[in-house]
Amino acid sequence: AVCLPPGEYSYGYVVDGVWKTNPGELTKTVAVHPASDGGMGASKRVNIKKVPQAPAVRVYYSTGWENAKLRTRWIGKRTDGADGEEVKTAWKEVSLHQTMARGLDGTAGGKAWKFAVVDYIPDAEDDPFNPFVPLELEFYPFDAASKGEDHPAAGGNYRCSF
């Protein structure tokens with residue numbers, strides 16, 4: 001297994017000493033040895049693998065709770081031809097961190113602004129055989145000390161779509 005950071009990667013195969021690409025995958029022509037004298041350099045066909053940036057959401061929350069955290073889960077659609085079935089990951093706790101942000105009047109008004117960056121990183125609880133594209137972050141803040149929770153006045157949980 002290879003873990004690749006986001007970006008575009010080129011690859012090919014050497015079979016019996018001959019350079020080959022997989023015709024069933026995305027390919028393009030790349031320069032192998034760029035020309036240094038203004039002439040044409042050598043090129044070859046390669047397969048391309050694009051690794052997208054994992055989705056991430058930055059959540060800001062104003063609270064008087066010292067031990068505020070978020071409970072988060074990703075909601076998305078299956079990508080394996082299962083008619084776009086909705087998929088939800090398991091709930092996870094994410095720490096909120098203090099920011100230097102202040103209210104519009106320059107004071108914090110007795111409450112502190114906190115933030116968290118929530119990345120989509122599948123783990124052992126998420127099914128690796130269930131291809132999934134995250135489309136929305138569902139979350140609610142809670143106080144780790146008192147177990148108090150904050151939900152929208154209309155009910156349910158907060159959601160960030162992208």
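1. A few points about the packing of aromatic side chains
Given two aromatic rings, one states the distance between the centres and the angle between the planes to describe the pair.
Then comes step 1: Tallied over the entire structure, the rule returns 5 aromatic pairs.
Then comes step 2: Each ring, one from Tyr11 and one from Tyr13, has its centre 5.9 Å from the other, and the planes form 85 degrees; the classification is edge-to-face.
Then comes step 3: Of the residues examined, Tyr11 reaches a relative accessible area of 26% and is grouped as partly exposed.
Then comes step 4: Owing to a relative accessible area of 41%, Tyr13 belongs among the partly exposed residues under this scheme.
Then comes step 5: A ring pair is formed by Trp91 and Tyr140, whose centres lie 5.5 Å apart and whose planes are at 65 degrees; its orientation type is edge-to-face. In this pair, Trp91 is assigned in the loop between β8 (86-88) and β9 (92-95) and Tyr140 in strand β12 (residues 132-143), connecting sequence segments 49 residues apart.
Then comes step 6: Assessed through its relative accessible area of 34%, Trp91 is described here as partly exposed.
Then comes step 7: Taking the ring centre of Trp19 as reference, the NZ or CZ of Lys44 above it sits at 3.7 Å.
Then comes step 8: The residue whose ring lies beneath Arg71 is Phe142, and the NZ or CZ to ring-centre distance is 3.8 Å.

2. What about the sheet that holds strand β6 (residues 56-63)?
Then comes step 1: Taking strand neighbours across the sheet as the criterion, the 3 strands line up as β6-β11-β10 in an open arrangement whose pairing is antiparallel. Of all strands in the sheet, those bounded by a partner on one side alone are β6 and β10 (97-98).
Then comes step 2: Two strands pair when backbone bridges link them, and β10 and strand β11 (residues 112-119) are joined in this way by 2 bridges, in the antiparallel orientation. When the sheet's bridge partners are listed, His97 is paired in β11 with Phe115.

3. Structural notes on the nonpolar core
Then comes step 1: Core analysis: the biggest nonpolar cluster contains 13 residues, and Val59, Leu70, Trp74, Leu96, Val118 and Leu137 have the highest contact counts within it.
Then comes step 2: Counting residues per element, the ones that place at least two in this core are β6, β7 (68-78), β11 and β12.
Then comes step 3: When sequence neighbours within four positions are dropped, the list of residues in contact with Val118 reads Pro55, Ala56, Val57, Leu70, Thr72, Trp74, Val94 and Leu137.

4. Focus: the layout of surface pockets
Then comes step 1: Reported here for the second largest pocket is a volume of approximately 160 Å³.
Then comes step 2: Considering the residues around the second largest pocket, the lining is formed by 12 residues, among which Thr72, Lys92, Val94, Val118 and Asp119 are closest to the centre.
Then comes step 3: When residues of the lining of the second largest pocket are traced back to their parent elements, those giving at least two are β7, β9 and β11.

5. What to know about the environment of Arg45
Then comes step 1: With respect to the secondary-structure elements, Arg45 resides in strand β5 (residues 42-51).
Then comes step 2: For Arg45, a relative accessible area of 40% corresponds to the partly exposed category.
Then comes step 3: Along the backbone, Arg45 and Gly12 are 33 residues apart, and their C-alpha atoms lie at a distance of 8.2 Å.
Then comes step 4: The contacts of Arg45, once residues within four sequence positions are left out, are Trp19, Thr21, Thr27, Lys28 and Thr29.
Then comes step 5: Here the side chain of Arg45 touches Thr29 through a polar contact of 2.7 Å, side chain to side chain.

6. Observations concerning the confidence of the model for the protein chain
Interpreting fine coordinate detail is not advised for predicted regions of low pLDDT.
Then comes step 1: Across the protein chain, the average pLDDT comes to 78, with 71% of residues at or above 70.
Then comes step 2: Between the elements of the protein chain, mean pLDDT differs from a low of 80, seen in strand β4 (residues 27-33), to a high of 92, seen in β9.

7. Notes on the environment of Ala68
Then comes step 1: By the element assignment, Ala68 lies in strand β7.
Then comes step 2: Its relative accessible area of 4% is what places Ala68 among the buried residues.
Then comes step 3: Beyond its immediate stretch of four places on either side in the chain, Ala68 contacts Thr63, Leu96, Lys114, Phe142 and Asp143.

Rules behind the numbers
- Within any chain, residue numbers begin from 1 and follow the written order of that chain's sequence.
- Local features are withheld for residues below a pLDDT of 70 in this predicted model, meaning they are given only at 70 or higher, and side-chain atom pairs are given and counted only at 80 or more; totals for whole chains, interfaces and linings count all residues.
- Side-chain numbers here rest on the full set of heavy atoms in the structure, without hydrogens or water.
- Aromatic rings from Phe, Tyr and Trp, taking only the six-membered ring of Trp, are treated as a pair when their centres fall within 6.5 Å; an angle between ring planes under 30 degrees marks them as stacked, one over 60 as edge-to-face, and anything in between as tilted.
- Any residue under 20% of the maximum accessible area for its type is buried, any over 50% is exposed, and the rest in between are partly exposed; the area is computed with a 1.4 Å probe on protein chains only.
- Starting at the N terminus, helices and strands are each numbered in turn, a helix being any DSSP run of H or I of at least four residues and a strand any DSSP run of E of at least two.
- Throughout this description, the term charge over a ring refers to an Arg CZ or Lys NZ atom that lies within 6 Å of the ring centre and within 35 degrees of the ring normal.
- Two strands form a pair only when DSSP identifies at least two bridges running between them.
- Take the buried Ala, Val, Leu, Ile, Met, Phe, Trp, Tyr and Cys residues and link them wherever side-chain atoms come within 4.5 Å; each set so joined is a nonpolar core.
- The contact rule is simple, with two residues in contact once any of their heavy atoms fall within 4.5 Å.
- Computed over the protein atoms alone on a 1 Å grid, cavities are sets of points where a 1.4 Å probe fits but cannot get out and pockets are open sets with protein on both sides within 12 Å along at least five of seven lines; a residue lines them when it has an atom within 4 Å of a point.
- Grid points are joined across faces, edges and corners, and a volume is the space filled by probe spheres set on the points.
- For the purposes of these results, a polar contact is taken to be a pair of N or O atoms within 3.5 Å, where, inside protein, one atom must be able to donate a hydrogen and its partner to accept one; residues adjacent in sequence count only when each atom of the pair is a side-chain atom.
- Known as pLDDT, the predictor's confidence for each residue is given on a scale from 0 to 100.

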